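Structure at a glance
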Amino acid sequence: MTNLKKKLLVPGITAAVMLIAVLLACFGIINDYIQTIIMTVCINIIMASSLNIVNGYMGEFSCGHAGFMAVGAYVSSVLSLILFCPDNSITHYALLPPELSVLLFPLIILAGGLASMLASLIVAIPSFKTRDDYLAIITIAANYIITTALNNIPAVGASRGLMGMTGITDAMSAIVPIPWVFLWSMIFAALTILMIHRLMSSTLGKGISAIRYDEISAEIMSVDTNNMKLIAFTFSSGLAGIAGGLFAHELGFINPASFGILKSTESLVMVYLGGMGSLSGSVLSATVFTCLLEIMRPLQIFKWVIIPLMLILIMQFRPEGLMGARELTSVFPKLRKIFPDRVLEQKPRKLAAGGVK
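Brief notes about the overall build of the protein
From N to C terminus, the protein includes 14 helices and two strands. Among the 357 residues that make up the protein, the fraction classed as buried is 49%. Sequence separation of at least 24 residues holds for 78% of the intrachain contacts in the protein that already meet a minimum separation of 6. For the protein, the accessible area works out to roughly 17,000 Å², and carbon and sulfur atoms hold 70% of it.

Re the pattern of salt bridges
A complete count under the given rule lists four salt bridges for this structure. A salt bridge links Glu 294 to Arg 297, with the shortest nitrogen-to-oxygen separation between them at 2.9 Å. Exposure remark for Arg 297: the relative accessible area of 48% places this residue in the partly exposed category.

Here we look at the packing of helix α2 (residues 32-57) against helix α7 (residues 180-201)
Two numbers describe how α2 lies on α7: the axes approach to 9 Å, and their chain directions differ by 20 degrees. With respect to their mutual orientation, α2 and α7 come out roughly parallel. Considering how the two elements wind past one another, α2 and α7 form a crossing that is left-handed. Here Gln 35, Ile 38, Met 39, Cys 42, Ile 45, Ile 46, Ser 49, Ser 50, Ile 53 and Tyr 57 of α2 come into contact with α7, specifically with Val 181, Phe 182, Ser 185, Met 186, Phe 188, Ala 189, Thr 192, Ile 193, Ile 196 and Met 200. Split by residue class, the contact of α2 with α7 holds 15 nonpolar, five polar and no charged.

Notes on a nonpolar patch on the surface
Together, Leu 284, Val 288, Leu 292, Ile 295 and Leu 322 make up an exposed nonpolar region whose accessible area comes to about 390 Å². Looking at the element boundaries, Val 288 is found in helix α12 (residues 279-295).

Regarding the layout of surface pockets
Empty space within the second largest pocket amounts to approximately 570 Å³. Taken together, 21 residues form the lining of the second largest pocket, with Phe 247, Lys 263, Glu 266, Lys 303 and Trp 304 sitting closest to its centre. When residues of the lining of the second largest pocket are traced back to their parent elements, those giving at least two are α2, α10 (225-251), α11 (261-274), α12 and α13 (303-317). When residues in the lining of the second largest pocket are grouped by element, the largest group, six residues, is from α2. Partitioning the lining of the second largest pocket into residue classes produces nine nonpolar, six polar and six charged.

Description of the environment of Leu 104
Tracing the backbone shows Leu 104 in helix α4 (residues 101-127). Accessibility expressed as a relative area gives 24% for Leu 104, which makes it partly exposed. Along the primary structure Leu 104 and Ser 80 are separated by 24 residues, whereas in three dimensions their C-alpha atoms are 9.2 Å apart. Once you skip the residues sitting within four places of it in the chain, Leu 104 turns out to touch Phe 84 and Leu 96.

Parameters at a glance
- Residues numbered from 1 in each chain as written.
- Predicted model: local features only at pLDDT ≥ 70, side-chain atom pairs only at ≥ 80, totals over all residues.
- Heavy atoms only, no water.
- Helix = DSSP H or I, 4+ residues; strand = E, 2+ residues; numbered from the N terminus.
- Buried < 20%, exposed > 50% of the residue type's maximum accessible area, 1.4 Å probe, protein only.
- Contact = heavy atoms within 4.5 Å.
- Areas by Shrake-Rupley, 256 points an atom, 1.4 Å probe, with all protein chains shown as cover.
- Salt bridge = Lys/Arg side-chain N within 4 Å of Asp/Glu carboxyl O.
- Axes fitted to C-alpha atoms, helices over the stretch in contact; angles between N-to-C directions.
- Parallel < 35°, antiparallel > 145°, perpendicular 65-115°, else oblique.
- Left-handed = near helix turned anticlockwise from the far one by under 90°.
- Nonpolar A, V, L, I, M, F, W, Y, C, P; charged D, E, K, R; others polar.
- Patch = residues over 30% accessible without salt bridge, like charges linked within 9 Å, V, L, I, M, F, W, Y side chains within 5 Å.
- 1 Å grid on protein atoms, 1.4 Å probe; cavity = no way out; pocket = protein on both sides within 12 Å on 5 of 7 lines; lining within 4 Å.
- Points joined across faces, edges and corners; volume = space filled by probe spheres on them.

As structure tokens, this is what we get:
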């Protein structure tokens, strides 16, 4: 198999699977319920793999990921409403014709991600001057600050929440009758996996991983640890914002309670269930966890007792998670013929002087 065929094989298979899924949805073979589950899986993949950058690859401990998801959800929702929803609760008229919705929808989702990146800078700049577990405390506080602020902003519905995002999905479906949010959820999930894989396979990614193993040694070896932390944290938060935008348009309604500490706990459970520092593990755990939540739906409020309990049990009895720090290419070596570039999976060997190699 030539190098060109190797490079095109995975994108080709991914595109074919997405096309088949959209066609099946258009013909009603995949009903709305199954579409919702698949969209939730894709959103959870983005959340778990993005948090894994900070908690897994970098070795820090962020506990308020849902706060940045909320920023992305609200920014993208407000943009959708004022641009394409005529009877929205903010301007009461649409600024742009509905024909542009198909082109601008992905940009609206990306704008939510950019807003989350900017919000994360406010948290990251002071927090990374501290050490140990202070980032966990600061991110929890940031999560509460963001949700409390949203609860007290009448323009975005305050505690009542914000609704009407189905207006842009209806506008897109009126132009081309396909499940647009379903399609874009799969596309953004695939792009997230690709970007994180490329990041952690790069020299920059090796610098991020070096912080996890020995930050002092990384600094001695000329790694700008503060800069690496800022890049990893803001990139992770931006992806959470994208997940929030998709989440808002999937449901058509959001409120601050949707992004509380329990939502952050869900992300933590997925990261530690899959394995810290394993991209394959994040994808696997997001899929398994979403299915478990759906199975536990009849339990209603009791499932919110089970989810934190799962995190405790994972940390106690299998702290390495399902995959540990391994990727699928380690479990199934034959996959290396398809995925020749591998994320750093093994701990760097320590030199006698305390550096990393």
